[in-house]
Amino acid sequence: MFRNVKDQGIILQLKTLKEANKLLILFSKEHGKMSLLVKGAGKILSKNSPSLDAGNFVEFSYYKSKSDLDLLLEVKLVNDYSNLKSANQGIGIIFYILEIINVFTQPELPTPQYFDEVTTLLDLLDSDINISNTALSYFQIKSLLIFGFQPLLQQCCICDKPLKINSPRIASFEGTIGYICQDHFSELANQNIIKDNILKVQRYLVNQNISSLQSVKLEKQDWEILLSLQNNWLQSVIEKKISAFSMIV
Ligand SMILES: [Zn+2]
């Protein structure tokens, strides 16, 4: 049986351990989230350390240990997304994406479709930072879909009636995520009404494919409402605050 395994991954974090060892945490395509031991400050690390920044897309091989942590053998950079990293807000965007990946992915539960979505999304952002609001909204809603938390965008979360254009609605964060129709809230909730254009963008995004994603036009204020609403949906399903959100808005 082969114990040297190859895979591809997005680096989530590099932690320092004692005795100059490091722990590399990756979202890998074939093995889900992984932790690999990077031995010593010697050969491997000095040869490869430029490739071990958070957000980098790498190809790597590791030795599957029977008892201890699996050991990193080789790592090769595929893309460091240098345009994205040097763009205004680029680092914040990467940290936000990595924080969401870190929460949703699990060891030994590969999600190759999500992996391909993420690497294609990073390629897109690296080639055109102007698509960031569209791309991040897409990423938020696809993260919910892929991990089984589909927001209801067609019918009311309480009464199942179809959501109508030109009728007021507010977002639902309790239990089912999605929207609540006007039968269940008073005029006092007026400031929380989510406008038709936001819902229309969401309905568009859920049916898109990352490889053909086109930039959507919305006012700056509406992007903030959309990103913040979907971030709240994410936080409600993971029951945790996503701290890097403050870096993207
Ligand atoms: Zn209703």
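Rules used throughout
- Residues numbered from 1 in each chain as written.
- Predicted model: local features only at pLDDT ≥ 70, side-chain atom pairs only at ≥ 80, totals over all residues.
- Heavy atoms only, no water.
- Core = buried A, V, L, I, M, F, W, Y, C linked by side-chain atoms within 4.5 Å.
- Buried < 20%, exposed > 50% of the residue type's maximum accessible area, 1.4 Å probe, protein only.
- Helix = DSSP H or I, 4+ residues; strand = E, 2+ residues; numbered from the N terminus.
- Domains from an automatic or database assignment.
- Contact = heavy atoms within 4.5 Å.
- Salt bridge = Lys/Arg side-chain N within 4 Å of Asp/Glu carboxyl O.
- Donors = N, O, S within 2.8 Å, 3.2 Å for Na, K, Ca; no water.
- Tetrahedral: all angles 85-135°; square planar, octahedral: opposite > 155°, others 65-115°.
- Phe/Tyr/Trp six-rings, centres within 6.5 Å; stacked < 30°, edge-to-face > 60°.
- Pairing = 2+ DSSP bridges.
- Axes fitted to C-alpha atoms, helices over the stretch in contact; angles between N-to-C directions.
- Parallel < 35°, antiparallel > 145°, perpendicular 65-115°, else oblique.
- Left-handed = near helix turned anticlockwise from the far one by under 90°.
- Nonpolar A, V, L, I, M, F, W, Y, C, P; charged D, E, K, R; others polar.

(A) Up close: the nonpolar core. Core analysis: the biggest nonpolar cluster contains 57 residues, and Tyr96, Ile97, Ile101, Val118 and Tyr179 have the highest contact counts within it. Residue assignment for this core shows that the elements contributing at least two residues are β1 (4-16), β2 (22-28), α3 (90-104), α4 (112-127), α5 (132-146), β7 (178-181), α6 (196-206) and α7 (220-238). Each of domain 1 (4-80) and domain 2 (83-247) gives at least three residues to this core. Once residues within four sequence positions are removed from consideration, Ile101 is found in contact with Leu12, Phe27, Tyr114, Val118 and Phe139. Membership of the second largest hydrophobic core comes to 13 residues, among which are Ile11, Leu36, Tyr62 and Val75.

(B) Structural context of the pattern of salt bridges. For the structure shown, the criterion picks out 7 salt bridges. Taking the shortest distance from any N to any O, the salt bridge between Lys64 and Asp70 comes out at 3.8 Å. With a relative accessible area of 36%, Lys64 lands in the partly exposed category.

(C) Structural view of the coordination of the zinc ion. Around the zinc ion, the protein supplies Cys156 (SG), Cys159 (SG), Cys181 (SG) and His184 (NE2) as donor atoms, at distances of 2.1 to 2.3 Å. If you look at the zinc ion, its 4 donor atoms make angles of 104 to 117 degrees with each other, and the shape they trace is tetrahedral. Going along the chain, you hit the donors of the zinc ion in the pattern C-x2-C-x21-C-x2-H. With a relative accessible area of 11%, Cys181 lands in the buried category.

(D) Region of interest: the packing of aromatic side chains. Applying the stated criterion to the full structure yields 10 aromatic pairs. Judged by centre distance (4.9 Å) and plane angle (20 degrees), the ring pair of Phe104 and Phe147 falls under stacked. One end of the pair, Phe104, is in helix α3; the other, Phe147, is in the loop between α5 and β6 (169-172), with 43 residues separating them in the sequence. When its relative accessible area of 10% is taken as the criterion, Phe104 is described as buried.

(E) Highlighting α6. Taken as a whole, α6 has its buried residues at Asp196, Ile198, Leu199, Val201, Gln202, Arg203 and Leu205. The inward-facing, buried residues of α6 contact α5, β6, β7 and α7.

(F) View of the pairing of strand β3 (residues 32-38). Here β3 lies mainly inside the structure; 6 of its 7 residues are buried. In terms of strand pairing, β2 meets β3 through 7 bridges, oriented antiparallel. Its bridge partner being in β3, Leu23 is matched across the sheet by Leu37. The antiparallel hairpin formed by β2 and β3 contains 3 residues in its connecting segment. Across 2 bridges, β3 lies against strand β5 (residues 70-79) in parallel orientation. Bridged to Leu37 within β5 is Leu71.

(G) Fine view of the packing of α6 against α7. In contact at an axis separation of 10 Å, α6 and α7 are set at 60 degrees when each is read in the N-to-C sense. Of the possible angle classes, the one that applies to α6 and α7 is oblique. Of the two elements, α6 crosses α7, and the hand of that crossing is right-handed. Between α6, through Asn197, Ile198, Val201 and Gln202, and α7, the contact on the second element is made entirely by Asp222, Ile225, Leu226, Leu229, Gln230 and Trp233. In the contact of α6 with α7, the residues fall into 6 nonpolar, 3 polar and 1 charged.

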